[in-house]
Amino acid sequence: MADAPAPGEIRVASSVGRWVVLTTVLGSSMAMLDSTVINVALPRIGEDLGTDMAALQWTVNAYMLTLAGLILLGGALGDRYGRRRVFVVGVVWFAAASLLCGIAPNAGVLIVARALQGVGGALLTPGSLALIQASFHPDDRARAVGLWSGFGGVGAAVGPFVGGWLVDGPGWRWVFLLNLPLAALCVPVALRHVPESRDPAAHGRFDVLGAVLGALALAGVTYALIEAPGRGASPVVIGSALGGLVLGVAFVLVERRRADPMLPPSIFRSRLFTSVNLVTFCVYAALGGFFFLSAIQLQVVAGYSALGAGTALLPTTILMLLFSAWSGELGRRIGPRIPLTVGPLLAAGMLLMLRVGPGTPSVGSYVSEVLPAVSVLGAGLVVVVAPLTATVLAAVDAGRAGLASGINNAAARAAGLIAVAALPLLAGMGPEAYRYAGEFAATFRRAMPMCAGLLVAGAVIAWWTVRTPAAAAVRGERPECAVHCGVVAPPLEPERASRAGP
């Protein structure tokens, strides 16, 4: 480490600065790629492993469950024991879990491996941006974050394309094995070029109990929702649902009584913060459900290949990549209320996806059926995501910005988790529905209005509760991180997620 300047002194133009940006982009891209490519691989995974719909839901949700439950704790560990150290451990852990995913002989092993991936993601995800914040000179931080966001946005955009190419070519297992060379490059670069940093104010006990209770509460509810279509109102399903609710209540009580809670209830005294997180939940639940079901609809019903399905959904992410900065500036000027209301209403145009039906994929059918839906959805996300991120940060004191972004991140992850679990049940989707075009198309037509309804609910909440005239302008936040979020990741990865803990 003799060649690395001290934390907080690195310049973007220096060789070390470029290495730091490369390291953080590689690390965050691992988690980003797995989030964006998994949906297009699901039909092939189900066919190869002989699984039902519930197993495909768990393939997505096992990762989201551990990530949502542990991401705040992961940030706290980085600030206490060293951001670079925990980041590197997260990358190695994620790569090892990815290898297990790639060689999984059955659905059970794959689901367990996906849960382990989420643990690794909870360690590396908050660390990527925290390393940027801690390593660069204050004058260069905005530029460094912009580079990190821009390259991350490109990764999000090409993810479905790469995933589809891998699924149609060497096979779905390479969707996970792709992480191994990324980790092999990331780890030595991080150890050699990234300076270690810690938060000297980090002290006290970690809220492990809170993290465990939160994750188990989500697990209980998720299990009940996923298993209900196949098991019905069985004692196991009812017990899981009730157990999840009881654990959720226990989580709230523990957080209210602890001196150093992971999720301090006091932060929700801000009406604006609470409201924006409700909007976040609605928007990202709708997105989670849309991309999960649409990737299957395009392949099973419309006849697209995995590559074709991944490419078909690209316009949404490309619009986000090109115009999120403009949207953030607009939100800064006019305040968050109008963007947070108009954006979800515009995104509800995802209902145009109902025009997609059986047939032979062609340029003409794509332009008339798929492109309008993903373009309108992308336009809505352009309007809402950057102001959403800025408003979350503006709703709290500057010292709690990391906590606010971490909570918002977890809320978005949990929203996608619940949506993927609940929508097939609410739409009447049977365990084998994804194998039959007619059955899946019928349930898809019932599920899409539910996703649109969530977006309308988010718009209503924003209109009636977001009253601060120009919250983003008060703080002058930059919206770079909204670009990085793509269309499947939460709005902003925690800069200092440890502030949720000691």
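Keep in mind it's a predicted model, so treat the numbers as computed, not measured. (Residues numbered from 1 in each chain as written. Predicted model: local features only at pLDDT ≥ 70, side-chain atom pairs only at ≥ 80, totals over all residues. Heavy atoms only, no water.)

**Concerning the overall build of the chain**
Step number 1: Per the secondary structure count, the chain includes 18 helices and zero strands.
Step number 2: When each of the 502 residues of the chain is scored for burial, the buried share is 61%.
Step number 3: For the chain, the share of sequence-separated contacts (at least 6 apart) that also reach a separation of at least 24 residues comes to 86%.
Step number 4: With an accessible surface of roughly 17,900 Å², the chain has 68% of that area assigned to carbon and sulfur atoms. (Helix = DSSP H or I, 4+ residues; strand = E, 2+ residues; numbered from the N terminus. Buried < 20%, exposed > 50% of the residue type's maximum accessible area, 1.4 Å probe, protein only. Contact = heavy atoms within 4.5 Å. Areas by Shrake-Rupley, 256 points an atom, 1.4 Å probe, with all protein chains shown as cover.)

**Thoughts on the pattern of salt bridges**
Step number 1: All told, the structure shown has two salt bridges when counted by the stated rule.
Step number 2: Where arginine 44 meets aspartate 168, a salt bridge forms, and the shortest distance between an N and an O atom there is 3.1 Å. Of this pair, arginine 44 sits in helix H1 (residues 15-49) while aspartate 168 sits in helix H5 (residues 141-168), and the two are 124 residues apart along the sequence.
Step number 3: Of the residues examined, aspartate 168 reaches a relative accessible area of 32% and is grouped as partly exposed.
Step number 4: Between arginine 435 and glutamate 432 there is a salt bridge; the shortest N-O distance is 2.5 Å.
Step number 5: Residue arginine 435 is classed as partly exposed on the basis of its relative accessible area, which comes to 36%.
Step number 6: Residue glutamate 432 is classed as partly exposed on the basis of its relative accessible area of 32%. (Salt bridge = Lys/Arg side-chain N within 4 Å of Asp/Glu carboxyl O.)

**Considerations on the packing of H1 against helix H3 (residues 83-102)**
Step number 1: One can describe the packing of H1 onto H3 by two numbers: an axis separation of 11 Å at closest approach and a directional angle of 35 degrees. With respect to the hand of their crossing, H1 and H3 are arranged in left-handed fashion. Packed against H1, whose contacting residues are Thr23, Thr24, Gly27, Met30, Ala31 and Asp34, the element H3 presents Phe87, Val91, Phe94, Ala95 and Ser98 at the interface. (Axes fitted to C-alpha atoms, helices over the stretch in contact; angles between N-to-C directions. Left-handed = near helix turned anticlockwise from the far one by under 90°.)

**Quick notes on the nonpolar core**
Step number 1: Within the largest apolar cluster, 133 residues are counted, with the highest numbers of intra-cluster contacts made by Leu293, Leu298, Val370 and Phe440.
Step number 2: Here the element with the most residues in this core is helix H10 (residues 271-301); it accounts for 16 residues.
Step number 3: Not counting the four nearest positions on each side in its chain, leucine 298 is found in contact with Gly303, Tyr304, Ala309, Ala312, Leu313, Met353, Val356 and Val370.
Step number 4: Ala54, Trp58, Ala62 and Leu225 belong to the second largest nonpolar core, which has eight residues in total. (Core = buried A, V, L, I, M, F, W, Y, C linked by side-chain atoms within 4.5 Å.)

**Examining H10**
Step number 1: Along its 31 residues, H10 runs 44 Å from first to last C-alpha, staying within 8% of the 45 Å computed at 1.5 Å per residue.
Step number 2: The positive-phi residue at the C-terminal boundary of H10 is glycine 303, with phi of around 85 degrees. (Expected span 1.5 Å × (residues − 1).)

**Concerning the packing of aromatic side chains**
Step number 1: In the structure shown here, the tally under the stated rule is six aromatic pairs.
Step number 2: Taking 6.2 Å as the distance between ring centres and 80 degrees as the angle between the ring planes, the aromatic pair formed by tyrosine 63 and phenylalanine 94 counts as edge-to-face. Here phenylalanine 94 lies in helix H3 and tyrosine 63 lies in helix H2 (residues 53-81), a separation of 31 residues in the sequence.
Step number 3: Among the residues examined, phenylalanine 94 registers a relative accessible area of 0% and is labelled buried.
Step number 4: With a centroid separation of 5.1 Å and 90 degrees between ring planes, the pair formed by phenylalanine 290 and phenylalanine 291 is classed as edge-to-face. Across this residue pair, the class does not change: phenylalanine 290 and phenylalanine 291 are buried. (Phe/Tyr/Trp six-rings, centres within 6.5 Å; stacked < 30°, edge-to-face > 60°.)

**Considering the environment of glutamate 329**
Step number 1: In this fold, glutamate 329 is placed in helix H12 (residues 314-334).
Step number 2: Expressed as a C-alpha distance, the spacing of glutamate 329 and proline 387, which sit 58 residues apart in the sequence, is 8.4 Å.

**Quick notes on helix H9 (residues 235-257)**
Step number 1: Its 23 residues place the ends of H9 32 Å apart at the C-alpha level, agreeing with the 33 Å of an ideal helix rising 1.5 Å per residue.
Step number 2: Taken as a whole, H9 has its buried residues at Val237, Ser240, Gly244, Phe251, Val254 and Glu255.

**Notes on the packing of H1 against H2**
Packed helices, taken two at a time, are described by their axes: the angle between them and the distance between them.
Step number 1: Where H1 contacts H2, the two axes come as close as 9 Å, and the packing angle between them is 165 degrees. It follows from the interaxial angle that H1 and H2 lie roughly antiparallel. Note on packing geometry: the crossing formed by H1 with H2 is right-handed. Between H1, through Ala31, Ser35, Ile38, Asn39, Leu42, Ile45 and Gly46, and H2, the contact on the second element is made entirely by Leu56, Thr59, Val60 and Tyr63.
Step number 2: Grouping the amino acids of the contact of H1 with H2 by side-chain chemistry returns seven nonpolar, four polar and no charged. (Parallel < 35°, antiparallel > 145°, perpendicular 65-115°, else oblique. Nonpolar A, V, L, I, M, F, W, Y, C, P; charged D, E, K, R; others polar.)

**Side note on the environment of phenylalanine 444**
Step number 1: Within the secondary structure layout, phenylalanine 444 lies in helix H16 (residues 437-465).
Step number 2: Under the relative-accessibility criterion, phenylalanine 444 is labelled buried at 1%.
Step number 3: A C-alpha to C-alpha distance of 7.4 Å links phenylalanine 444 and glutamine 297, two positions 147 residues apart in sequence.
Step number 4: For phenylalanine 444, the residues in contact, after removing those within four places along its chain, are Leu293, Ser294, Gln297, Met353 and Leu354.

**A short note on the side chain of asparagine 408**
Step number 1: Mapped onto the secondary structure, asparagine 408 falls in helix H15 (residues 401-426).
Step number 2: With relative accessibility at 2%, the residue asparagine 408 sits in the buried group.
Step number 3: Among the polar contacts listed, one links the side chain of asparagine 408 to the side chain of asparagine 277, at a separation of 3.0 Å. (Polar contact = N/O pair within 3.5 Å; in protein donor to acceptor, adjacent residues only side chain to side chain.)

**Description of the confidence of the model for the chain**
If pLDDT is low for a region, its predicted coordinates should not be looked at in detail.
Step number 1: Looking at the chain as a whole, its pLDDT mean stands at 82, while 87% of the residues score no less than 70.
Step number 2: The element-level mean pLDDT for the chain is lowest in helix H18 (residues 480-484), coming to 36, with H16 highest at 94.
Step number 3: Note on residues 469-502: pLDDT is under 50 here. Beyond four places in sequence and across chains, it has 141 contacts. (pLDDT = per-residue confidence, 0-100.)

**Some remarks on the environment of glycine 335**
Step number 1: With respect to the helices and strands, the residue glycine 335 is situated in the loop between H12 and helix H13 (337-347).
Step number 2: Between the alpha carbons of glycine 335 and valine 466 there is a distance of 9.5 Å; along the sequence they are 131 residues apart.

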